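# A structural walkthrough
The residues making up each chain are set out below.
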Amino acid sequence: MPTLRPNKYRTHTCGELRETDVGKEVVLSGWVESNRDMGGVIFIDLRDRHGITQCVFDPKRSGQAAHDDAAKLRGEWVVRVKGTVGKRPPEMINTKLETGLIEVDGTEVEVLNEAKTPPIEIRDDLDANEDVRLKYRYLDLRRGKMQRVLKMRHKAAMATRNFLTAQGFTEVETPFMIKWTPGGARPFLVPSRLNLGKFYALAESPQLFKQLLMVAGTDRYYQIVRCFRDEDLRIDRQPEFTQVDLEMSFVEQDDIFTVVEGIMASVWKDVLGIEIKTPFERVPYDTAMARWGNDKPDRRFGLEHVVLTDLVKKHDGGGIKIMKTVVDAGGIVKGIRLPKEFAEATPRAQIDKLETFVKGMGAKGLAWARIENGGSWGKAPLAKAINDAMRTELNAAMGAQDGDLLFFQFGPEAMVQTVMANLRLHLGKKHGLIPEFGSAGTWDFFWVVDPPLFEYDEEAKKWAAAHHAFTMPRAEDMPYLQSDPGRVKCTRYDLVLNGYEIAGGSVRIHRGDIQSAVFRAMGIDEEEVREKFAFLLDAFQYGAPPHGGIAVGWDRLVWLLTETEAMRDVFAFPKNNRGVDMMNGSPAVVDAQLMKDVAIQSVAPEEEPAEKPAQA
RNA sequence: GGGCCAGUAGCUCAAUUGGUUAGAGUAUCGGACUGUCGAUCCGAGGGUUGCGGGUUCGAGUCCCGUCUGGCCCGCCA
């Protein structure tokens with residue numbers, strides 16, 4: 001990449017010079033990557049974002065003054081070097097550098113800025129803890145690896161914009177400061193100085209606005225947009241994050257799939273040069289839950305779940321009282337078989353650790369059995385209790401062989417699914433079936449389709465929308481909206497990649513009668529809904545087209561695309577898992593007068609004085 | 001709100017069962033060296049073992065509390 005125009009700082013970038021430039025007088029500027037003083041000749045590796053160029057200072061050619069100046073240079077100083085491009089002798093070619101065939105014979109060195117010794121080394125293979133990297137993010141980002149990630153993110157966005165534009169989409173911006181509506185994530189609040197006591201909410205997504213754009217006839221809308229959610233964080237969640245949000249009119253589910261598959265294919269091709277296979281496979285939600293306990297399963301390895309509920313029911317618990325109690329109470333039973341080769345590497349102490357692991361997720365314990373002597377359960381805790389008939393059938397259902405280790409979980413469905421899904425992932429990573437992070441060359445894209453429209457809220461004793469209240473029920477399930485809400489599936493879809501949900505959306509309800517039926521099934525007072533969502537429901541009375549859309553979790557997608565360790569790696573300036581920006585210290589208390597201006601008074605406990613004053 | 005893990009030099013780590021002066025690599029600084037490219041060689045500086053308390057003749061190590069960081073559950077698309 002050449003410089004924009006030759007100026008006093010540089011005629012070329014540090015990644016630009018080649019053999020064809022030999023003989024040219026050039027000026028380069030950058031950071032001192034390394035300084036190798038051989039006693040006579042000095043080598044300065046000069047780095048900018050575009051690459052590294054070696055500058056040589058041989059007193060005979062450079063003159064004594066330039067040589068002495070070069071000797072004073074230190075790491076990360078910002079310098080300008082003038083010199084002549086020279087061809088390297090064959091034995092001194094550096095094949096690791098793109099500029100490795102040449103070097104710049106320096107004749108002049110100017111220090112543009114000195115630099116303190118950085119707390120982290122500026123190198124690709126840096127092995128520093130993330131908190132140090134985050135505190136000095138501007139240095140962390142100076143590393144080539146991080147610059148390449150930023151570049152990949154940009155290329156992915158370009159591929160997406162180009163693709164969607166070619167498909168007739170229009171990018172429309174929507175407000176960040178919006179009216180709070182109930183349900184969904186906890187919003188960040190913004191007090192209004194002009195309307196004391198009132199608040200904006202920062203948009204959790206442009207959901208309602210994009211539906212209004214459909215009513216407006218925009219037809220194909222998209223936006224690469226920031227979203228805000230004040231929820232607890234995870235490795236794949238930031239309080240402010242980016243979505244590729246899109247919505248289309250007069251479409252069916254398949255139209256949206258085609259568009260999103262097109263985006264993914266463009267991104268993977270433009271950024272990685274990889275052709276991914278489309279269309280993506282579609283997996284029913286029920287299948288995903290049964291086989292992997294999860295609506296975003298990682299299918300790159302086995303250790304699939306076996307649903308044992310009916311088998312246990314058939315045997316009335318098979319002698320195991322707690323299992324009977326669980327299934328009688330409507331709970332479920334699931335098993336995972338760990339094959340012999342991995343089971344042998346799992347001594348009793350390891351099983352105890354796994355038990356601690358699952359108890360941390362709400363499990364009461366971890367039932368297990370080690371298969372020996374043609375199907376016996378050896379010294380497993382349940383071995384005495386279980387009767388032969390159920391044990392035999394259970395072994396068969398799980399394909400158990402001698403030496404295998406079986407794990408079981410039984411109890412309320414939600415707990416069993418969570419525990420078993422996480423146990424499977426844990427075992428998969430532990431036994432090297434999937435990498436700690438990254439794709440290992442396998443990009444497993446698929447759709448999860450036909451999830452239930454409603455979830456039963458045990459506490460409130462009523463059905464609630466599993467996604468949001470505007471998701472269209474499947475046509476064939478309409479008759480059951482009132483009679484059997486639990487069996488109603490909907491036209492919602494999630495795109496999964498290697499165990500992460502990277503997009504989710506739905507076909508929306510555009511007709512008032514269906515919307516009313518859904519509200520009724522949820523036992524929601526329509527007047528109340530009208531009050532909160534009046535603008536949307538009003539709009540829908542003026543000719544809402546059939547429409548649907550999807551939102552791509554952009555950071556998550558780029559994270560997986562770049563195979564970086566944490567999603568934070570694809571943010572220039574991320575927050576940590578407590579929502580704190582470790583570089584600038586946000587969030588922070590604000591000036592008392594600012595608080596007064598917006599009629600806000602803090603009731604938070606007094607903050608303890610910081611232990612050590614933060615200083616760089 | 002809960003579970004698990006970690007905290008020792010600027011950075012990454014080590015330190016036997018609780019044992020006497022807390023080490024190494026790297027970075028930094030100084031010296032040597034005219035073709036290096038993760039330069040090499042020689043030397044030097046660098047520590048309140050996160051913090052507070054306890055047990056002990058003796059604590060980096062054990063116990064309690066606390067803070068910080070990370071991962072997960074709850075929560076959230």
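Source: prediction; values computed, not measured.

Bringing the overall build of chain A into the picture now. When its secondary structure is counted, chain A shows 19 helices and 22 strands. For chain A, the exposed area adds up to about 31600 Å²; of that, 51% sits on carbon and sulfur atoms. Distance from the positive charge centre (82 side chains) to the negative charge centre (91 side chains) of chain A: 2 Å.

Before going further, it helps to spend a moment on the sheet that holds strand β3 (residues 51-57). Reading around the barrel, the 5 strands line up as β1-β2-β3-β5-β4 and close back on themselves, with mixed pairing between neighbours. Strand-to-strand, the axes of this sheet are offset by a mean angle of 55°, without reference to chain direction. Here 10 bridges tie strand β4 (residues 78-87) to strand β5 (residues 102-113), and the two strands are oriented antiparallel to one another. Paired with Arg80 across the bridge in β5 is Glu110. In this fold helix α2 (residues 64-71) packs onto β1 (25-37), β2 (42-48), β3 and β5, with an angle of close to 65° to the strand it touches most, β5.

The method is simple in principle: a probe with the dimensions of a water molecule rolls over the atoms, and the space it marks as empty is what remains. Considering only enclosed or pocket space, the second largest pocket measures out at about 910 Å³ in volume. Asp48, Gly51, Ile52, Gly144 and Arg148 are the residues nearest the centre of the second largest pocket, which is lined by 29 residues in total. Elements represented by at least two residues in the lining of the second largest pocket include exactly β1, β2, β3 and α5 (144-166). Across the lining of the second largest pocket, the residue classes tally to 5 nonpolar, 8 polar and 16 charged. Built from parts of two domains, the lining of the second largest pocket gets at least three residues from each of domain 1 (19-113) and domain 2 (134-281 + 551-599).

Take the sheet that holds strand β16 (residues 405-411) next. Pairing within the open sheet is antiparallel, and its 4 strands lie in the order β13-β14-β16-β15. The outermost strands of the open sheet, each flanked by one partner alone, are β13 (305-307) and β15 (367-370). Strand-to-strand, the axes of this sheet are offset by a mean angle of 25°, without reference to chain direction. Across 3 bridges, the pairing between β13 and strand β14 (residues 332-338) is antiparallel. When the sheet's bridge partners are listed, His305 is paired in β14 with Ile336. Sitting on the sheet, helix α10 (residues 321-328) is in contact with β14 and β16, with an inclination near 45° to β16. Most of the contacts of helix α13 (residues 388-398) go to β16, to which it runs at about 105°, and overall it touches β13, β14 and β16.

This part is about the packing of helix α7 (residues 253-272) against helix α18 (residues 554-562). Viewed as axis vectors pointing N to C, α7 and α18 meet at an angle of 45°, and their least axial separation amounts to 12 Å. Overall, the two elements α7 and α18 adopt an arrangement that is oblique. Like other packed secondary-structure pairs, α7 and α18 cross with a definite hand, here right-handed. Contacts from Met264, Val267, Trp268, Val271 and Leu272 in α7 reach Trp554, Leu557 and Leu561 in α18.

So, on to the pattern of salt bridges. As a working rule, side chains carrying opposite charge can pair if their charged atoms are close by. If you walk through the whole model with that rule in mind, you get 48 salt bridges. Salt-bridge contacts for Asp45 lead to Arg36; the nearest nitrogen and oxygen are separated by 3.0 Å. We classify Asp45 as buried; its relative accessible area is 11%. Where Asp140 meets Arg143, a salt bridge forms, and the shortest distance between an N and an O atom there is 2.6 Å. The same class applies to Asp140 as to Arg143, namely buried.

Glu103, Arg123, Arg229, His467 and Asn577 are the nearest of the 47 residues found near RNA strand B. At the protein interface, 56% of the atoms of RNA strand B within 4 Å belong to sugar or phosphate. Take Asp232: an N or O atom from its side chain is 2.5 Å from a base nitrogen of RNA strand B. Separating a sugar or linking oxygen of RNA strand B from a side-chain N or O atom of Glu501 is a distance of 3.4 Å. Of the residues that constitute the surface near RNA strand B, the class distribution is 10 nonpolar, 15 polar and 22 charged.

Time to look at the packing of aromatic side chains. Under the criterion given, the structure shown has 12 aromatic pairs. Aromatic side chains Phe280 and Phe445 sit 4.7 Å apart centroid to centroid with 5° between the ring planes, which places their arrangement in the stacked category. Taken together, the residues span a long stretch of sequence, with Phe280 in the loop between α7 and β12 (281-284) and Phe445 in strand β17 (residues 445-449) at a distance of 165 residues. Relative to Phe533, the ring of Phe470 has its centre 5.3 Å away and its plane inclined at 85°; by these criteria the two rings are edge-to-face. A residue pair is termed long-range when its members are at least 10 positions apart, and Phe470 in the loop between β19 (462-465) and α15 (480-483) and Phe533 in helix α17 (residues 526-540) qualify at 63 residues. One exposure class covers both Phe470 and Phe533, and it is buried. Among the aromatic residues, ring-to-ring pairing joins Trp268, Phe280, Trp443 and Phe445 into one connected group.

Thresholds, definitions, all that
Residues numbered from 1 in each chain as written. Chains lettered and ligands numbered in written order. Predicted model: local features only at pLDDT ≥ 70, side-chain atom pairs only at ≥ 80, totals over all residues. Heavy atoms only, no water. Helix = DSSP H or I, 4+ residues; strand = E, 2+ residues; numbered from the N terminus. Areas by Shrake-Rupley, 256 points an atom, 1.4 Å probe, with all protein chains shown as cover. Lys, Arg positive; Asp, Glu negative; His and termini not counted. Charge placed at Lys NZ, Arg CZ, Asp CG, Glu CD. Pairing = 2+ DSSP bridges. Axes fitted to C-alpha atoms, helices over the stretch in contact; angles between N-to-C directions. Contact = heavy atoms within 4.5 Å. 1 Å grid on protein atoms, 1.4 Å probe; cavity = no way out; pocket = protein on both sides within 12 Å on 5 of 7 lines; lining within 4 Å. Points joined across faces, edges and corners; volume = space filled by probe spheres on them. Nonpolar A, V, L, I, M, F, W, Y, C, P; charged D, E, K, R; others polar. Domains from an automatic or database assignment. Parallel < 35°, antiparallel > 145°, perpendicular 65-115°, else oblique. Left-handed = near helix turned anticlockwise from the far one by under 90°. Salt bridge = Lys/Arg side-chain N within 4 Å of Asp/Glu carboxyl O. Buried < 20%, exposed > 50% of the residue type's maximum accessible area, 1.4 Å probe, protein only. Near = heavy atom within 4 Å. Polar contact = N/O pair within 3.5 Å; in protein donor to acceptor, adjacent residues only side chain to side chain. Phe/Tyr/Trp six-rings, centres within 6.5 Å; stacked < 30°, edge-to-face > 60°.

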